[in-house]
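One letter stands for each residue in the lines below.
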Amino acid sequence: MALLDPTTQGEVDLTAALVDPGKAPRNSSRARLIWLRLRSTPRFWVGAVIVVGMIVWAIAGLWIAKWSPLDQDLINSSTGPSTSHWFGTDDIGQDIYAETVSGLRKSLVIGLIAGPVGTLIAAFVGAFAGYLGGKADAVISWLINFLLVLPAFFILVLLSPVFKSLSFLVLTAFIAMFSWMIMAQVIRAQTKSLRDREFVKAARFMGVGTPTIIRRHILPNVASLLIIDATLGVVAAIDSETALSYFGFGIQRPQVSLGVLLADGTPSATTRPWMFLFPAIVLIVLLFAVSLVGDALRDAVDPTSGNTRD
Amino acid sequence: MTEPPLLEVRDLSVSFPQASGIVRAVRGISYTVNQGEFLGIVGESGSGKSVSSMAVMGLLPRNAVVTGDVLLRGESLLGRDDRELSRLRGKEIAMIFQDPLSALTPVYTVGNQIAEGLMLHDKGLGAKAAAVRAVELLRVVGIPAPERRVNAFPHEFSGGMRQRVMIAIAIANDPNLIIADEPTTALDVTIQAQILEVLQKAKELTGAAVVLITHDLGVVAGNADRIAVMYAGKLVETGAVDDVFTRPVMPYTIGLLRSVPNLVTAGRTRLVPLEGRPPSLSNLPPGCPFEPRCPIAVSACTTEEPPLLQLRGGHDAACIRAGEIESGVLHPSDVFPRPEPVAEGAKVVNERESILSINGLVKHFPLTAGMVFKKQIGTVKAVDGIDLEIRGGEVLGLVGESGCGKSTTILEVLEMTSPQVGSITIAGRDVAELSKAERLSMRKDVQIVFQDPMAALDPRLTIEDIVGEPLTVHGTSRTERRRRVAELLDLVGLEHTMAGRYPHEFSGGQRQRVGIARALATSPKLLVLDEPVSALDVSIQAGIMNLLEDLKLQLGLSYLFVAHDLAVVRQIADTVAVMYLGRIVESGEVGEVFARPHHPYTQALMSAVPIPDPEAERSRVRILLDGDLPSPTDEISGCNFHGRCPLFKLLDPARQQRCLTEDPHLRVIDTTSAACHHVDQNTLQPL
């Protein structure tokens with residue numbers, strides 16, 4: 001994880017000592033530096049434009065559609081893309097375009113909630129375990145390791161009868177609950193090294209309380225890691241949701257997600273490819289774009305990829 | 001036609017293109033090194049001293065743009081490919097790096113690493129012969145039991161021993177030039193003295209020329225024949241060591257020499273601060289780069305950068321007023337006058353009540369082995385029964401080498417919990433008896449300033465939040481906090497308009513001032529200063545030291561000043577305690593201890609400190625200690641210093657027996673206390 005370590009200064013960097021830290025890059029903070037580096041990465045722009053575009057599409061896509069996801073156009077069932085049904089229709093005459101937009105909406109909501117929530121859990125659990133050390137650390141580490149060996153997918157499958165009847169938010173919560181452990185370990189290790197840093201010691205000797213130290217000193221110093229994790233967490237959450245729904249354990253009809261649409265389209269993927277292809281393309285483009293943003297973020301934050309100083 | 005010099009650097013420039021602009025690390029330097037000569041290159045961090053020598057070795061990263069020429073015996077080294085250079089490196093030129101741990105490969109034995117260098121350059125050498133030679137080399141550099149140690153891995157050596165191994169590798173092929181880049185910076189003074197001795201020995205054995213790169217003027221004074229001072233990527237003064245030290249011409253050199261605390265003069269005069277910071281090497285303004293910091297700058301200084309002017313006798317300096325300074329029209333004390341001490345009226349007179357009292361403090365850490373079933377396999381005696389006392393307005397200097405227990409001692413004081421054995425009393429209250437609320441309010445009275453001002457300030461907070469943080473604990477209102485922060489920043493000599501900025505916008509010295517301001521926020525009685533200047537560049541140190549002295553007088557503060565630099569302690573402390581392996585071996589009034597040290601360890605420590613005065617350096621008798629600080633886990637019977645003690649070797653067997661069996665306690669000798677049985681036998685010469 002050394003590559004992501006925000007507490008290490010750049011590797012042996014001859015120029016680092018020469019660049020006057022106050023003046024050389026004129027910016028005022030590390031966040032600005034990251035933004036400067038991000039700005040010059042084409043990957044970031046490609047990813048960000050696509051992600052924003054998809055979000056806008058998910059919100060507004062149904063307004064311009066001629067059909068709602070629940071409408072059935074039985075006369076035109078199982079037809080390919082046309083001026084009336086842009087992405088074609090399925091076997092019972094539902095408009096694939098409307099369904100795709102509505103599925104994208106659900107998948108995005110689940111991803112955008114589950115990813116950051118998982119990161120939030122990771123941040124707090126990891127920071128407390130790392131900072132407190134001793135018994136609390138041992139218990140939390142044991143819990144993390146226990147959750148890590150549990151086959152998350154299998155458990156979600158087992159639990160699916162429970163949340164099938166409930167709101168999709170329950171599914172979202174379960175996905176978040178099984179996605180924070182590795183990051184929590186990273187944060188824990190980071191916190192352990194931060195705890196020995198002098199500014200944390202100084203705060204401790206001033207009498208600053210543990211929650212305040214974590215909020216004021218620990219979390220801001222791992223913030224860049226958390227942002228990356230939250231971004232890539234979106235990808236992971238959408239992946240999990242899609243896989244669960246594909247096998248019928250996630251989102252249930254009449255609600256649709258991209259996974260549900262893929263499952264429905266699979267049997268006819270060779271004969272009527274539009275039923276499978278359009279949701280699949282949307283999913284791939286979405287995941288690809290979010291990954292691009294996460295990847296660009298990682299490079300911008302990574303202290304070894306350039307002359308970052310913190 | 002005379003023979004070309006061994007190394008000639010001609011108008012060497014190195015620049016690094018970067019997003020923020022071109023960083024011109026080295027800007028046209030020329031120097032020569034003759035066969036067998038010892039050249040010291042001095043400069044602060046960022047002055048280009050390391051980069052220029054890396055350029056000589058051809059070890060710069062690929063993005064560096066190098067112009068000019070480097071000639072080894074008249075043959076150009078620049079522009080050769082890596083393979084050709086590799087043949088020269090090691091055989092002709094050898095390099096010793098600052099950090100011997102990262103310079104040695106951890107997975108090979110040191111013997112293998114020495115043999116590798118030997119066999120690379122001498123194809124005819126067999127593995128057996130190389131191994132024999134490796135043992136020989138280790139013996140030369142003073143590694144005990146080399147036959148056994150040759151098969152050890154780098155991590156089994158201490159820092160000083162690793163640096164010896166590095167020297168052994170460097171001299172393995174009998175090079176003509178050894179470049180040593182801050183070879184002793186990471187080491188303790190007594191080890192530094194040993195390493196410099198080995199380096200001199202290596203030089204004598206191989207007849208090689210040595211280029212020693214360092215920031216420590218004292219090291220240069222004692223070892224080098226010639227000195228080159230670098231500033232902002234340029235040579236600003238070169239000459240014979242005696243010339244430059246006694247008659248410096250460039251104002252930067254003058255300031256540097258006057259700002260360094262000197263063991264001989266420290267404590268009697270105030271230090272001369274060299275204000276400001278070195279310029280950024282990207283976008284250098286025209287004119288002399290030292291002009292903004294130079295007290296004698298004239299308008300001509302801002303328009304053109306002065307070239308290195310030849311004075312007499314090979315003494316060159318880059319200053320347009322060099323003539324005036326050299327002829328004596330401008331005296332060094334006119335260039336950098338000594339600052340006035342604090343006026344009498346501004347001083348706070350303190351009742352000499354006890355602020356901190358430590359009695360018989362012990363801190364032992366259990367050493368455990370095993371992952372699942374932990375068992376204790378030994379004890380680390382970090383602090384082994386010490387007494388310390390600080391009175392109001394007093395400064396206690398706690399000195400010792402790394403690993404002696406200084407840090408553990410101050411942590412014990414700051415934790416304010418009941419110690420394992422002994423007691424800690426702060427302002428008359430035993431910390432073991434404090435309730436939680438009382439302990440919190442007691443924290444107001446004791447604050448700490450850390451060594452590394454970068455690590456001690458949270459990079460994500462503004463200066464206002466950092467300095468005001470101690471006040472948040474004690475429920476001070478936001479407006480009151482803001483007012484106090486402005487007041488504190490003024491007090492430590494910073495603009496209070498800087499409050500909204502972040503730590504990385506400040507220079508090292510300014511950051512340390514911020515750290516001091518934070519420590520003063522709660523109006524403490526005692527400041528614990530943990531090596532407050534050792535991470536700073538020499539020119540910055542004086543300003544911080546003066547600030548600490550002034551604050552002590554203005555606010556009536558007491559300091560627990562922890563340092564390994566004896567000159568710094570001599571400058572500021574009233575009393576001093578010398579620590580060795582968890583024990584205090586000598587303590588007393590600072591003038592007395594420094595003038596007449598009684599314990600052989602104190603004597604060795606003092607003689608190991610380099611003095612930035614070539615004449616004084618040459619006339620000194622060095623007391624070298626053997627080996628390294630023993631591990632605090634070792635069970636040593638009797639005096640724990642006997643294994644390294646220079647006095648022990650001179651004693652007769654009966655007296656030696658006493659050292660081996662009886663643990664000495666501090667006892668009063670003349671005006672100081674020392675823990676040595678045989679003070680009366682001591683014929684070692686201090687200083």
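Basis of the calculations
- Here the residue numbering is sequential within each chain, running from 1 through the sequence in written order.
- A letter from A marks each chain and a number from 1 marks each ligand, given out in the order of writing.
- In keeping with the predicted nature of the model, local features appear solely for residues at pLDDT of at least 70, side-chain atom pairs appear and are counted solely at 80 or more, and the whole-chain, interface and lining totals rest on all residues.
- The secondary structure listing takes helices from DSSP runs of H or I that are at least 4 residues long and strands from runs of E that are at least 2 residues long, numbered from the N terminus.
- Exposed residues have 12 or fewer other C-beta atoms within 10 Å of their own C-beta, buried residues have 20 or more, and partly exposed residues fall in between, where C-beta atoms are placed from the backbone.
- Put simply, the radius of gyration uses C-alpha atoms, and a globule should come to 2.2 Å times the residue count raised to 0.38.
- Note that domain bounds follow an automatic or database assignment of domains.
- For the purpose of contact definition, each residue receives a C-beta atom placed from its backbone, and two residues are in contact when these atoms lie within 7 Å.
- Residues are sorted three ways: Asp, Glu, Lys and Arg are charged, Ala, Val, Leu, Ile, Met, Phe, Trp, Tyr, Cys and Pro are nonpolar, and all the rest, Gly among them, are polar.
- In a helix, the anticipated span is given by 1.5 Å times the number of residues less one.
- Here, any two strands with at least 2 DSSP bridges between them count as paired.
- All axes here are fitted lines through C-alpha atoms, helices being fitted over the stretch that makes contact, and every angle between N-to-C directions spans 0 to 180 degrees.
- Here a nonpolar core is just a set of buried residues of the types Ala, Val, Leu, Ile, Met, Phe, Trp, Tyr and Cys, joined wherever their C-beta atoms sit within 7 Å.
- Small angles under 35 degrees read as roughly parallel and large ones over 145 as roughly antiparallel, with 65 to 115 read as roughly perpendicular and the rest as oblique.
- We call a crossing left-handed when the near helix sits turned anticlockwise from the far one by less than a right angle, and right-handed when that turn is clockwise.
- Each residue gets a pLDDT score, which is the predictor's confidence in that residue and runs from 0 to 100.

Asker: Explain the overall build of chain A to me, please; I cannot follow it from the model alone.
Answerer: Regarding its fold elements, chain A presents 12 helices and 0 strands. Reading chain A from its N end, one meets helices and strands in the order α-α-α-α-α-α-α-α-α-α-α-α. When each of the 310 residues of chain A is scored for burial, the buried share is 43%.

Asker: How do you make sense of the overall build of chain B when you look at a structure like this?
Answerer: Secondary structure summary: chain B contains 24 helices and 24 strands in total. Taking 2.2 N^0.38 as the reference for a compact globule, 687 residues should give roughly 26 Å; the C-alpha atoms of chain B span a radius of gyration of 26 Å, in line with that estimate. Considered along the principal axes of its C-alpha atoms, chain B spans approximately 80 × 65 × 55 Å. Taking all 687 residues of chain B together, the buried fraction comes to 51%.

Asker: Where do I start with the domain arrangement of chain B in this structure?
Answerer: Accessible area lost during the coming together of the parts is what is often quoted as the interface size. All names here are of chain B. Considered domain by domain, chain B is made up of domain 1 (35–65 + 81–235), domain 2 (260–335), domain 3 (392–420 + 434–580) and domain 4 (598–681). The C-alpha-based centres of domain 2 and domain 3 are spaced at 31 Å. Listed per partner, the contact involves 13 residues of domain 2 and 12 residues of domain 3. Here the residues of the side of domain 2 that touches domain 3 sort into 8 nonpolar, 2 polar and 3 charged.

Asker: Sorry, what's going on with helix H19 (residues 538–555) of chain B here?
Answerer: Along an α-helix, a turn takes 3.6 residues, which lines up residues three or four apart on a common side. Residues and elements named next belong to chain B. Along its 18 residues, H19 runs 26 Å from first to last C-alpha, staying within 8% of the 26 Å computed at 1.5 Å per residue. Along H19, the positions that sit buried rather than exposed are Val538, Ser539, Ile540, Gln541, Ala542, Gly543, Ile544, Met545, Asn546, Leu548 and Lys552. Those residues of H19 that are buried lie in contact with helix H11 (251–259), strand E15 (395–399), helix H18 (508–520), strand E20 (558–563) and helix H20 (566–572). Remark: glycine 556 follows H19 within two positions and exhibits a positive phi of approximately 65°.

Asker: Hey, could you run me through the sheet that holds strand E4 (residues 65–72) of chain B in this one?
Answerer: All names here are of chain B. Sheet architecture is open: 4 strands sit in the order E2-E1-E4-E5, paired in antiparallel fashion. The open sheet terminates on both sides in strands that have one partner only, identified here as strand E2 (21–33) and strand E5 (75–76). Pairing geometry for strand E1 (residues 7–18) and E4, over 7 bridges, is antiparallel. Its bridge partner being in E4, serine 15 is matched across the sheet by valine 65. The sheet contacts of helix H1 (residues 49–57) involve E1, E2 and E4, and relative to E1 the element is tilted by about 110°.

Asker: Any chance you could explain helix H4 (residues 110–121) of chain B here in plain terms?
Answerer: Helix length check: H4 of chain B, at 12 residues, gives a terminal C-alpha distance of 17 Å against a target of 16 Å (1.5 Å per residue), a fit within 8%. Contacts from the buried residues of H4 of chain B go to helix H5 (127–140) and helix H7 (159–171) of chain B.

Asker: Before we go on, may I ask you to explain the nonpolar core in this structure?
Answerer: Soluble, globular proteins show a tendency: their nonpolar side chains are buried together. Core analysis: the largest hydrophobic core is formed by 281 residues, its most contacted members being Ile167, Ala168, Leu177, Ile178, Leu560, Phe561 and Val578 of chain B. At 16 residues, the largest contribution of residues to this core is made by helix H3 (residues 96–132) of chain A. Discounting residues that sit within four places of it in the chain, valine 578 of chain B has contacts with Val399, Gly400, Ile584, Val585, Glu586, Ser587, His599, Tyr601, Thr602 and Leu605 of chain B.

Asker: Looking at this model, I keep getting lost on unusual backbone geometry. Mind explaining?
Answerer: Outside of glycine, negative phi angles account for most residues, and trans bonds account for most peptide bonds. All names here are of chain B. The backbone phi angle of glutamate 182 is positive, close to 45°, even though this residue is not glycine. Looking at where glutamate 182 falls in the secondary structure, it is placed in the loop between strand E7 (177–181) and helix H8 (189–206). With 19 C-beta atoms packed within 10 Å, glutamate 182 lands in the partly exposed category.

Asker: Quick question: what am I supposed to make of the sheet that holds strand E11 (residues 309–310) of chain B here?
Answerer: All names here are of chain B. Strand order in the open sheet formed by 8 strands is E6-E7-E8-E3-E9-E10-E12-E11, with mixed pairing between adjacent strands. One side of each edge strand has no neighbouring strand; the edge strands of this open sheet are strand E6 (93–96) and E11. In terms of strand pairing, E11 meets strand E12 (residues 316–317) through 2 bridges, oriented antiparallel. Residue pairing across strands places leucine 309 opposite alanine 317, the latter belonging to E12. Across the sheet, H7 touches E6 and E7, and the angle it forms with E6 is around 175°.

Asker: What am I meant to see in the packing of H3 of chain A against helix H4 (residues 134–149) of chain A here?
Answerer: Two packed helices can be described by the angle between their axes and the distance between those axes. All names here are of chain A. The N-to-C vectors of H3 and H4 enclose an angle of 140°; their axes lie 7 Å apart at closest approach. Judged by the angle between their axes, H3 and H4 are oblique. In this structure, H3 crosses over H4, and the sense of that crossing is left-handed. Seen from H3, the contacting residues are Val125, Phe128, Ala129 and Leu132; seen from H4, they are Gly134, Ala136, Asp137, Ile140 and Ser141. When its residues are assigned to classes, the contact of H3 with H4 shows 6 nonpolar, 2 polar and 1 charged.

Asker: Help me understand the environment of arginine 338 of chain B, please; the structure alone is not making it clear to me.
Answerer: Residues and elements named next belong to chain B. One can find arginine 338 in the loop between helix H13 (332–335) and strand E13 (354–369). On the neighbour-count criterion, arginine 338 (13 C-beta atoms within 10 Å) is partly exposed. Here the alpha-carbon distance between arginine 338 and histidine 599, two residues 261 residues apart in the chain, equals 34 Å. In this view, arginine 338 contacts Thr269, Arg270 and Val272; residues no more than four positions away in its chain are not counted.

Asker: Even after reading the chapter, I still don't get the pairing of strand E16 (residues 421–426) of chain B, so can you show me in this structure?
Answerer: Side chains on a regular strand alternate between the two faces of the sheet. Residues and elements named next belong to chain B. Bridge count for E16 against strand E17 (residues 429–430) is 2 bridges, and the pairing is antiparallel. Counterpart to isoleucine 426 in the pairing with E17 is arginine 429. What sits between the antiparallel neighbours E16 and E17 is a turn of 2 residues, in which alanine 427 has the positive phi angle 50°.

Asker: Hey, could you run me through the environment of leucine 388 of chain B in this one?
Answerer: Mapped onto the elements, leucine 388 of chain B comes out in strand E14 (residues 375–391). The spatial distance from the C-alpha of leucine 388 of chain B to the C-alpha of isoleucine 358 of chain B is 4.9 Å, given a sequence separation of 30 residues.

Asker: Before we go on, may I ask you to explain the packing of H3 of chain A against helix H11 (residues 258–265) of chain A in this structure?
Answerer: All names here are of chain A. Axis separation between H3 and H11 bottoms out at 7 Å; the angle between their running directions is 135°. With respect to H11, the axis of H3 lies oblique. Here Glu99, Thr100, Gly103, Leu104 and Ser107 of H3 lie close against H11, whose contacting residues are Leu258, Val260 and Leu261. Its residues placed into classes, the contact of H3 with H11 shows 4 nonpolar, 3 polar and 1 charged.

Asker: Please clarify how the confidence of the model for chain A should be interpreted in this entry.
Answerer: A low pLDDT means the predicted coordinates there should not be read in detail. Residues and elements named next belong to chain A. Scored by pLDDT, chain A comes out at a mean of 79, with 87% of its residues at no less than 70. Of all helices and strands in chain A, the one with the weakest mean pLDDT is helix H1 (residues 30–39) (76), whereas helix H7 (residues 181–195) scores best (90). Under a pLDDT of 50 for its full length, residues 1–28 has, in the predicted model, 67 contacts with residues more than four places off or in other chains. For residues 304–310, every residue scores under 50 in pLDDT, and the model assigns this stretch 23 contacts once sequence neighbours within four places are set aside.

Asker: Hey, could you run me through the pairing of strand E21 (residues 575–580) of chain B in this one?
Answerer: All names here are of chain B. Across the 6 residues of E21, 6 count as buried, placing the element largely inside the fold. Burial along E21 is two-sided: Thr575, Ala577 and Met579 and Val576, Val578 and Tyr580, pointing in opposite directions, are all buried. In this structure, E15 lies alongside E21, joined through 4 bridges in parallel fashion. Residue pairing in the sheet places valine 399 in a bridge with valine 578 of E21. As judged from the 6 bridges shared by E21 and strand E22 (residues 583–589), these two strands associate in the antiparallel manner.

Asker: Sorry, what's going on with the environment of isoleucine 175 of chain A here?
Answerer: All names here are of chain A. Considering the arrangement of structural elements, one finds isoleucine 175 in helix H6 (residues 168–177). For isoleucine 175 and glycine 118, which are 57 residues apart along the polypeptide, the C-alpha to C-alpha distance reads 8.2 Å. Not counting residues within four places of it along the chain, the set of residues in contact with isoleucine 175 comprises Ile110, Ala114, Ala237, Ser240 and Glu241.

Asker: Whenever I open this one, the confidence of the model for chain B confuses me. Can you help?
Answerer: Mean pLDDT over chain B stands at 84; residues scoring 70 or higher make up 96%. Reported for the predicted complex are a pTM of 0.78 and an ipTM of 0.73.

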